[in-house]
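# Geometric and topological summary
One letter stands for each residue in the lines below.
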Amino acid sequence: MIFIQNLLIFNLLFFSGRGISIIISKLFNQEYKKYIFGTIHENLFIIYSLFLIGNISFFVHFFSPIKNVIMISILSLLILLNIFNKIEKKEFKFLLLNNLLIPFVFSFTSLNIGFHYDAGLYHLNFQNWLLNEKIIIGIVNIYELFGLSSINDYILSNFWFGDNFIFLQSVNVAIMTSLFMFLISSIYFNKSLINKYGSLFVFLYCFLDNFGFDGGGNGFVNFQGIGKVDLTFSILLFFTLVFYLNIKTQKNVEIIEYFIFVNLCLFAVQLKIYGGLLLFLLIDLIFFLMKKNQWKAIYMMKVSFFSVLVGVFWIFKNFLQTSCFFFPVSFTCFNFTPWYSGRSELFTEYTRAFHNAFGFNTNVFNWLDNWLGTQYNQINLLNFLYSFLVLILIRFLLFKRQATLNNKKLYLFIAIYFIVWIVTSPTPRFFGGILLTTFFIIGSSISSFKNQKLDNFSKLPMVVLIFISTLAIVRIDSYKKITEYDFLTPSLSVPIQVYKQNTNWGVSPESGELCWVKINCTENNPKIIETKISLFKGFEKSS
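No experiment lies behind these values; they were computed from the predicted model shown.

Counting residues in each nonpolar core, the largest one holds 175 residues, and the members touching the most others are Phe 106, Met 176, Leu 179, Phe 220 and Phe 238. Excluding its chain neighbours within four sequence positions, the residues that come into contact with Phe 220 are Leu 179, Phe 180, Val 202, Tyr 205, Cys 206, Asp 209, Leu 436 and Ile 473.

The following block contains the structure:
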């Protein structure tokens, strides 16, 4: 049953995204685009739907709790728009692979997926607030981690059905399918050599993830426990960087591509604060397009207006919840509001210490030794280096290079991202999108095989590579679970937790720090008071 349910949810998201793509074409008075950024347009449909779900949900939440029935109704209406652009017969083979086979394989993860630790720590309970209350002013005072709220929480809150949280995995299945279909379609249905060979090398990187030190693990994206945003953010960041590379090499850029790129940047910021670094590439792209005299500045401002407006409301939402534009970045915080927590700097230092971040007054070698003291970090780094060297060697021995691409700005972005990552939260799962892009870049400068015979010979091995890599993303334990599967929907419920009454406000876990799903639960005994700020419920620090 879970396989059918995942396929239904995937196709709901896919065809809703197709409806959104039709609307975009109509808005710009252009014909429907089969290809965009040198790749098949279908690869972005899941992203479109998730972007819409998240942003409608956060707008609605200003006025009322989130109700998934509203979102299901909107998505259903969007599906009806597909009648205005019928699917051609030649597309059915692609849809069979994209909409049935790959999500079916990835649905095996639903048989034994569990919660990520952070789901019980704060994600689920923040989503619980979204479903039961309209926006809470100063919600960061209840629990500091609520200040890290991502649009992913607004998306996932629409996939709560009763007490079974297994449907939250459907989002992971959908986004991972989008990645693999981009890679496959770029190899076989490409209009860009950059995408073709870049995607081939990402598949090789994926394949090598299964080998190496301690059984493998080189940083390639994987199915995390339910509740985390890292998979979605990594894939979105990868898409955005690849599309940037494509735009910089295209002779002509479609206005729709510019509009979509701007909104991909916005979505990345909403998913994770690291996405804010994409502003550097967005500004570069604007100047690049203006230099080409493709569009006037005033026209580009009009096209960007929607994204800017949504971004302003998102920042306003952050301000109401945390008294910061981007919590916990202290220079974006304001201490004049009644709901100011005053703990952004302390929270930042705690986070840096937890992830063993590099300090500029720290000895590099001592820091690296401590960082590698975590086995997870050590294994990922060693296997990444091994994968990197192997693929550099393969490119040198088997492939011809095309004219050197102008990637300086992209290299600079990666360097800036790396530095920010190192000094804030250097854990491999926050670096997944950059690693995908790194291996894509290795292949993007290829024009062909050195020997034409290799090109013909490689077709079968390439199919085998894609087949094995796709299957290997799912852990063997998940496939084994099929022997115990009773064809009912697997149940994933939160564990029973005992709570104790706080002396000030709410309750806390009797043991440990996981609140799971208890709306008035907080990790400790906060000195806060519940207030009324205009028409909204709020929480302030008590004296």
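Tracing the chain through its elements places Arg 18 in helix α1 (residues 2-27). Leave out the neighbours within four places in its chain, and Arg 18 touches Tyr 32, Phe 45, Asn 82, Asn 85, Lys 86 and Ile 87.

Let us look at the environment of Tyr 258. Examined against the element boundaries, Tyr 258 turns out to sit in helix α10 (residues 255-271). Taking the relative accessible area as the measure of exposure, Tyr 258 reaches 1% and is therefore buried. When the C-alpha atoms of Tyr 258 and Leu 100 are compared, they prove to be 31 Å apart, with 158 residues separating the residues in sequence. Contact partners of Tyr 258, with chain neighbours within four places excluded, come to Ile 286, Leu 289, Trp 295, Met 300, Val 303 and Ser 304.

What follows deals with the state of the cysteines. Enumeration according to the criterion identifies two disulfides in this entry. Paired through a disulfide, Cys 324 and Cys 333 show a sulfur-sulfur distance of 2.0 Å. Between Cys 324 and Cys 333 the disulfide shows an S-S torsion of about 100°. By sign, it is right-handed. Overall, the relative accessible area of 13% leaves Cys 333 in the buried class. One disulfide bridge connects Cys 515 with Cys 521, the sulfur atoms lying 2.0 Å from each other. Residues Cys 515 and Cys 521 are joined through a disulfide that is left-handed, its torsion about the S-S bond being -70°. The exposure class assigned to Cys 515 is buried, which follows from its relative accessible area of 1%. Residue classification places Cys 521 among the buried residues on the basis of a relative accessible area of 0%. With its bonded cysteines labelled in order along the sequence, the chain shows the pairing 1-2, 3-4.

All right, on to the packing of helix α8 (residues 193-208) against helix α15 (residues 375-398) then. Relative to each other, α8 and α15 sit at 140°, their axes nearing to 10 Å. One way to sum up the angle between α8 and α15 is to call them oblique. The handedness of the crossing between α8 and α15 comes out as right-handed. On α15, the residues touching Phe 201, Leu 204, Tyr 205 and Leu 208 of α8 are Tyr 386, Ser 387, Val 390, Leu 391, Ile 394 and Arg 395. For the contact of α8 with α15, the residue count by class is eight nonpolar, one polar and one charged.

Let us look at helix α2 (residues 45-60). The terminal C-alpha atoms of α2, which comprises 16 residues, lie 22 Å apart, in line with the 22 Å expected from a rise of 1.5 Å per residue. α2 sits mainly inside the fold: twelve of its 16 residues count as buried. For α2, the full list of buried residues reads Phe 45, Ile 46, Ile 47, Tyr 48, Ser 49, Leu 50, Phe 51, Ile 53, Gly 54, Asn 55, Ser 57 and Phe 58.

Here is what the cut-offs are and how they apply
Residues numbered from 1 in each chain as written. Predicted model: local features only at pLDDT ≥ 70, side-chain atom pairs only at ≥ 80, totals over all residues. Heavy atoms only, no water. Core = buried A, V, L, I, M, F, W, Y, C linked by side-chain atoms within 4.5 Å. Buried < 20%, exposed > 50% of the residue type's maximum accessible area, 1.4 Å probe, protein only. Contact = heavy atoms within 4.5 Å. Helix = DSSP H or I, 4+ residues; strand = E, 2+ residues; numbered from the N terminus. Disulfide = S-S within 2.5 Å. Axes fitted to C-alpha atoms, helices over the stretch in contact; angles between N-to-C directions. Parallel < 35°, antiparallel > 145°, perpendicular 65-115°, else oblique. Left-handed = near helix turned anticlockwise from the far one by under 90°. Nonpolar A, V, L, I, M, F, W, Y, C, P; charged D, E, K, R; others polar. Expected span 1.5 Å × (residues − 1).

Any link to function would need more than the numbers given here.
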